[in-house]
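Listed below, chain by chain, are the residues.
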Amino acid sequence: MIFSIIPPREFAREILRQQLKAEEVHEGANFHFGHKATGNIERLVEFGKEFGFEVIIYPEQKIRGITVSSSQIRTLLERGNVDRARHLLGRIFSVAATPAAGRGYGSKYTVPTINLGPYEGLAPAHGVYISQTVINGECFDSVTNVGNRPTFGADSFAIESHLLDFHPIALTPETPVEIFFLHRLRDEIKFPSVEALRAQIAKDVHCSQRYFRSLKSFSRKSFSRP
């Protein structure tokens, strides 16, 4: 069922009340729903009275002058602004999946890497990020590339983390992996050679290590699990 084509009253009756058995619905003051977003919070309150559920309305929230909303957070992530998205979310943005076999470039040319399996959820803009990668509960400082790895030929989207403090760890196709995006370093670039890529990765690693040292200098408590 495609929710966006259901008229607002039908959505309130059939989805909220009949299917979900809603007794309370919590929404922001600017909430819209139903076909062409013609339903608003005032109509939802009316439908609640008609169909027997209460509507709890939350006022608009702003952080540093920015309205907190899912669309605003999505826009920030699509621009790669994971720092500001973190402020609105109240947590570090992350993606979770399981490992996938890569093309062997990381181990051959750079440092130990882990690739996420097929991922169709929301990801930050293509680029390189300072990150932390949690593998089966163990956290590694990392540098993560989101994108198509154009230096190696045909584009093939991947989320690939280079583990900075790596040690051997057992992996299976079911091992849970979660990547926390801390700060964007740069755009994804097509390099003229593997050597140029290797040199840039060394710079990315250096920047990331300096970032983590700075964090630890400000706080002695562990930053191992965001």
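Our subject in this report is the structure included herewith. Residue positions are given per chain, counting from 1 as you read along its sequence in written order. Reporting in this predicted model follows two pLDDT cut-offs: at least 70 for local features of residues, and 80 or more for side-chain atom pairs to be given and counted; totals over whole chains, interfaces and linings ignore these cut-offs and use all residues. The side-chain quantities take in all heavy atoms of the structure and omit both hydrogens and water.

1. Focus: the side chain of Asp141
By definition, any uninterrupted DSSP run of H or I lasting at least four residues is a helix, any uninterrupted run of E lasting at least two residues is a strand, and each is numbered from the N terminus. Structurally, Asp141 is set in strand β11 (residues 138-147). Contact between two residues is taken to exist if any of their heavy atoms lie within 4.5 Å; hydrogens are not considered. Residue contacts for Asp141: discarding those within four places in its chain leaves Ser131, Gln132, His162, Leu163, Leu164, Asp165, Phe212 and Lys216.

2. As for the pattern of salt bridges
Just to be clear on terms, a salt bridge is a Lys or Arg side-chain nitrogen sitting within 4 Å of an Asp or Glu carboxyl oxygen. Evaluation of the coordinates by the stated rule reveals four salt bridges. The shortest N-O distance in the salt bridge between Glu50 and Arg9 comes to 2.1 Å. Residue Glu50 is located in helix α2 (residues 41-51), and its partner Arg9 is located in helix α1 (residues 8-19); the two are separated by 41 residues in the primary sequence. With a closest N to O distance of 2.3 Å, Arg184 and Asp187 form a salt bridge. Arg184 gets classed as buried once you look at its relative accessible area, which sits at 19%. Classification of residues uses two cut-offs on accessible area relative to the type maximum, computed with a 1.4 Å probe and protein chains only: under 20% is buried, over 50% is exposed, and between them is partly exposed.

3. Quick notes on the environment of Leu89
If you trace the backbone, Leu89 turns up in helix α4 (residues 82-89). Put simply, Leu89 and Ile73 are 16 residues apart on the chain and 7.4 Å apart in space, counted from C-alpha to C-alpha.

4. Here we look at the nonpolar core
Here the nonpolar core consists of buried residues drawn from Ala, Val, Leu, Ile, Met, Phe, Trp, Tyr and Cys, with membership extended through side-chain atoms lying within 4.5 Å. In terms of nonpolar packing, the biggest core is built from 23 residues, with Val95, Leu116, Ile159, Ile179 and Phe181 touching the most fellow members. Discounting chain neighbours no more than four positions away, the residues touching Ile159 are Val95, Ile114, Asn115, Leu116, Tyr119, Ala123, Thr144, Asn145, Val146, Ile179 and Phe181.

5. A closer look at the packing of α1 against α2
In this description, a line fitted to the C-alpha atoms serves as the axis of each element, helices being fitted only across the stretch in contact, and the angle between N-to-C directions of two axes falls anywhere from 0 to 180 degrees. It is at 10 Å that the axes of α1 and α2 come closest, and there the two elements cross at 50°. Judged on the interaxial angle alone, α2 and α1 are oblique. Handedness of the crossing formed by α1 with α2: right-handed. Judged by residue contacts, Pro8, Arg9, Ala12, Arg13, Leu16 and Arg17 of α1 engage Arg43, Leu44, Phe47, Glu50 and Phe51 from α2. In this classification, the charged set is Asp, Glu, Lys and Arg, the nonpolar set is Ala, Val, Leu, Ile, Met, Phe, Trp, Tyr, Cys and Pro, and all remaining amino acids, among them Gly, are polar. In terms of residue class, the contact of α1 with α2 is made up of six nonpolar, no polar and five charged. To sort the angles, those under 35 degrees are grouped as roughly parallel, those over 145 as roughly antiparallel, those from 65 to 115 as roughly perpendicular, and the leftovers as oblique. We call a crossing left-handed when the near helix sits turned anticlockwise from the far one by less than a right angle, and right-handed when that turn is clockwise.

6. Section: α1
Three- or four-residue spacings in an α-helix give side chains the same orientation, since the helix completes a turn every 3.6 residues. Those residues of α1 that sit buried are Pro8, Phe11, Ala12, Ile15 and Leu16. The buried residues of α1 all sit within an arc of 115° when viewed along its axis, so they share a single face. Just past α1, the residue Lys21 takes up positive phi, approximately 55°. As used here, the arc belongs to the directions running from the helix axis to the C-beta atoms.

7. A word on α4
Of the residues making up α4, those classed as buried are Val82, Ala85 and Leu88. All buried residues of α4 fall inside an arc of 115° around its axis, so they share one side. Among the structural elements, β5 (62-63), β6 (66-67), α3 (70-78), β10 (127-135) and β13 (177-186) are those in contact with the buried residues of α4.

8. Examining the side chain of Ser131
Note on placement: Ser131 falls in strand β10. Judged by its relative accessible area of 0%, Ser131 is buried. A distance of 2.6 Å separates polar atoms of two side chains, one belonging to Ser131 and the other to Ser142. Counting of polar contacts relies on pairs of N or O atoms within 3.5 Å, with two restrictions inside protein: one atom must be capable of donating a hydrogen and the other of accepting it, and residues adjacent in sequence are counted only when both atoms are side-chain atoms. Here Thr144 takes part through its side chain, which lies 2.6 Å from a polar atom of the side chain of Ser131.

9. Section: the pairing of β11
Among the ten residues in β11, nine count as buried, and that is most of the element. Sheet topology places β10 next to β11; nine bridges connect them, and they run antiparallel. Bridging from a neighbouring strand, Val134 pairs with Cys139 of β11. Two successive antiparallel strands, β10 and β11, enclose a turn made up of two residues, where Asn136 displays a positive phi of approximately 50°. Any two strands with at least two DSSP-identified bridges between them are counted as paired. When β11 meets strand β12 (residues 158-163), the two strands line up antiparallel, connected through six bridges.

10. Structural notes on the packing of α3 against α4
Contact geometry of α3 with α4 gives a least axis separation of 8 Å together with a crossing angle of 160°. Taken together, the axes of α3 and α4 lie roughly antiparallel to each other. Where α3 crosses over α4, the two elements pack in a sense that is left-handed. Contacts from Gln72, Ile73, Leu76 and Leu77 in α3 reach Val82, Arg84, Ala85, Leu88 and Leu89 in α4.

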